[in-house]
Amino acid sequence: MSEIPYKIYLEESEMPTAWYNVRADMKNKPAPLINPGTHQPMGFEELRGVFCDELVRQELNNTDRYIEIPEEIRNFYKMYRPSPLVRAYCLEKALDTPAKIYYKFEGNNTSGSHKLNSAIAQAYYAKAQGLKGVTTETGAGQWGTALSMACAYLGLDCKVYMVKVSYEQKPFRREVMRTYGASVTPSPSDTTNVGRQILADFPGTTGSLGCAISEAVEAATSTEGYRYVLGSVLSQVLLHQSIVGLESKAAMDKYGIKPDLIIGCAGGGSNLGGLISPFMGEMLRGEQEYEFIAVEPASCPSLTRGKFVYDFCDTGNVCPMAKMYTLGSRFIPSPNHAGGLRYHGMSSILSQLYHDGYLKARSVEQTAVFDAATKFARVEGILPAPESSHAIRVAMDEALKCKETGEEKTILFGLTGTGYFDMVAYEQYNNGTMTDYIPTDEELEKSFAQIPEVDA
Ligand SMILES: *Cc1c(COP(=O)(O)O)cnc(C)c1O
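S.K.: What's the story with the packing of helix 9 (residues 193-201) against helix 10 (residues 209-221) in this structure? I'm lost.
M.R.: Packed helices, taken two at a time, are described by the angle their axes make and the gap between the axes. Two numbers describe how helix 9 lies on helix 10: the axes approach to 8 Å, and their chain directions differ by 150°. The pairing of helix 9 with helix 10 is recorded here as roughly antiparallel in orientation. Contacts between helix 9 and helix 10 involve Asn193, Val194, Gly195 and Ile198 on the former and, on the latter, Cys211, Ser214, Glu215 and Glu218.

And the structure:
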């Protein structure tokens, strides 16, 4: 077999033409979204008030294994895809490990992350439906940036509610979004009922993703010609992100490589879900065995310490409810948490797979994450996003285990993005002022107590 290059690229002609829908191969399907008032499953007619029609169809589609990628989206993908699959020769050498490490790098576009893969799809369907624009929330800013890029390309209006603490700490992200024509509002704001209510209940709050979601949903449902779009968690987003896994698999197949272990960071679950989907499909169909690990912050441990129940997806309780591993919709990670992945819940697809034992989860503390990020940056050249660095941490830990056991495992991890806008966090790390925080059981119990009872 030929020598494996540092970077494996696919030809344009080898790029996937359809997304893969892992739900088609799941025996236990993810539980349906339910109405937060009636607790009844939400169908097409009800969901289309919030989301674009075609995206609702994708959200409800548990049966079609492949869904064709429209040509205009495929052409947009060609501007920044296929993304490279990198053999981390330099990291392997630095760790002195017999493990073979690969990473799929999604930071090669201006948004700096994988989020553009779903942003362009969601904007495309909004445009195809003749809508004027879309609303959304953004935390660290990658999703808002990705969506503003996609909307600029298609000529759609884009309103972004940005978690206030990020709005203030990440002015450059904000300005990238405005450069692409988006309007950016710090959340909570006084522009919505739910924002005004949250400001009254929690004066001085620096905001949360859950709260920004509520504002964006209200803005969409109260403005003619607008719909809400979401950058993670939903099954449609995992579907779009399957492009990451499909390309990875195609690149590996080209060289006859089979990963033993696939690792990804997990916030709402979209990059991990997308990366593992085609591999998970093989496992669900009984064709192959793999080990999958979701990595989350110890300060926001939804899979490793959350409850698998129906919960609100947002603080204002205006969104559909999802059955997922959750810390409670009012959970806000401690203020010293700098490393992203701060959403209280997890994708219903990944939650179900985790519940059924197909996926493992591990939580890591942020100083250990930045140790890994720094080591990786110095040997592989890429300055990773803090979120991505959760996966780097566990990939390194697993490679070091191989050094002890002599196992030549093949490890694949998702390098979801770059960290240029996260230099305040890197500064804390470099100054030695970064601290770790693990919520106590009492704190989590307090948050669990706010989860509503649902008989479903
Ligand atoms: C948003 C984001 C994540 C986490 O979101 P998921 O939906 O869990 O993938 C991870 N890495 C980067 C760079 C991100 O922007």
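S.K.: Could you clarify how one ought to interpret the site of the ligand in this entry?
M.R.: Within the structure, the ligand sits among 17 residues, and Lys115, Ser232, Gly267, Asn271 and Thr416 are positioned closest to it. A distance of 2.7 Å separates an oxygen atom of the ligand from a polar backbone atom of Gly267. Within the backbone of Gly269, an N or O atom sits 2.9 Å from an oxygen atom of the ligand. Within the complex, 94% of the 390 Å² of free accessible area of the ligand lies under protein.

S.K.: What is the right way to look at the packing of aromatic side chains in this model?
M.R.: Ring pairs (aromatic) are described by centroid distance and by the angle formed between their planes. Inspection of the entire model under this criterion finds 16 aromatic pairs. Between Tyr6 and Tyr89, the ring centres sit 4.8 Å apart and the planes meet at 55°, which makes this aromatic pair tilted. Here Tyr6 is found in the segment before strand 1 (7-8), whereas its partner Tyr89 is found in helix 4 (residues 89-95), with 83 residues between them in sequence. Chaining the aromatic ring pairs together yields one cluster made of Phe76, Tyr77, Tyr80 and Tyr153. Stacked on the ring of Phe448, the Lys or Arg Lys307 has its end atom at 4.5 Å from the ring centre. Over the face of the ring belonging to Phe308 we find Lys323, whose NZ or CZ atom lies 4.6 Å from the ring centre.

S.K.: What should I look at first to understand the domain arrangement of the chain in this one?
M.R.: Often, the extent of an interface is quoted as the loss of accessible area on bringing the components together. Segmentation of the chain into domains returns domain 1 (7-14 + 81-112 + 242-443) and domain 2 (22-68 + 115-228). Inter-centroid distance (C-alpha atoms) of domain 1 to domain 2 is 22 Å. Taken residue by residue, the interface counts 36 residues in domain 1 and 39 residues in domain 2. Taken together, both faces of the contact between domain 1 and domain 2 bury some 3200 Å²; the carbon and sulfur share is 66%. By the criterion of area lost to domain 2, the three top residues of domain 1 are Ser111, Pro320 and Phe421, representing 20% of everything that side buries. Taking the shortest distance from any N to any O, the salt bridge between Asp25 and Arg285 comes out at 2.9 Å.

S.K.: Could you clarify how one ought to interpret the packing of helix 11 (residues 235-254) against helix 12 (residues 270-284) in this entry?
M.R.: Across the interface, helix 11 lies against helix 12 with an axial gap of 6 Å and an inter-helix angle of 60°. Judged by the inter-axis angle, helix 11 sits oblique to helix 12. You can see that helix 11 and helix 12 cross each other, and the crossing is right-handed. Taking contact as the criterion, the partners of Val237, Leu238, Gln241, Ser242, Val244, Gly245, Leu246, Ser248 and Lys249 in helix 11 are, on helix 12, Ser270, Gly273, Gly274, Leu275, Ser277, Pro278, Phe279 and Glu282. Here the residues of the contact of helix 11 with helix 12 sort into seven nonpolar, eight polar and two charged.

Here is what the cut-offs are and how they apply
- Residues numbered from 1 in each chain as written.
- Predicted model: local features only at pLDDT ≥ 70, side-chain atom pairs only at ≥ 80, totals over all residues.
- Heavy atoms only, no water.
- Axes fitted to C-alpha atoms, helices over the stretch in contact; angles between N-to-C directions.
- Helix = DSSP H or I, 4+ residues; strand = E, 2+ residues; numbered from the N terminus.
- Parallel < 35°, antiparallel > 145°, perpendicular 65-115°, else oblique.
- Contact = heavy atoms within 4.5 Å.
- Near = heavy atom within 4 Å.
- Polar contact = N/O pair within 3.5 Å; in protein donor to acceptor, adjacent residues only side chain to side chain.
- Areas by Shrake-Rupley, 256 points an atom, 1.4 Å probe, with all protein chains shown as cover.
- Phe/Tyr/Trp six-rings, centres within 6.5 Å; stacked < 30°, edge-to-face > 60°.
- Lys NZ or Arg CZ within 6 Å of the ring centre and 35° of its normal.
- Domains from an automatic or database assignment.
- Buried area = accessible area lost by both parts, 1.4 Å probe.
- Salt bridge = Lys/Arg side-chain N within 4 Å of Asp/Glu carboxyl O.
- Left-handed = near helix turned anticlockwise from the far one by under 90°.
- Nonpolar A, V, L, I, M, F, W, Y, C, P; charged D, E, K, R; others polar.

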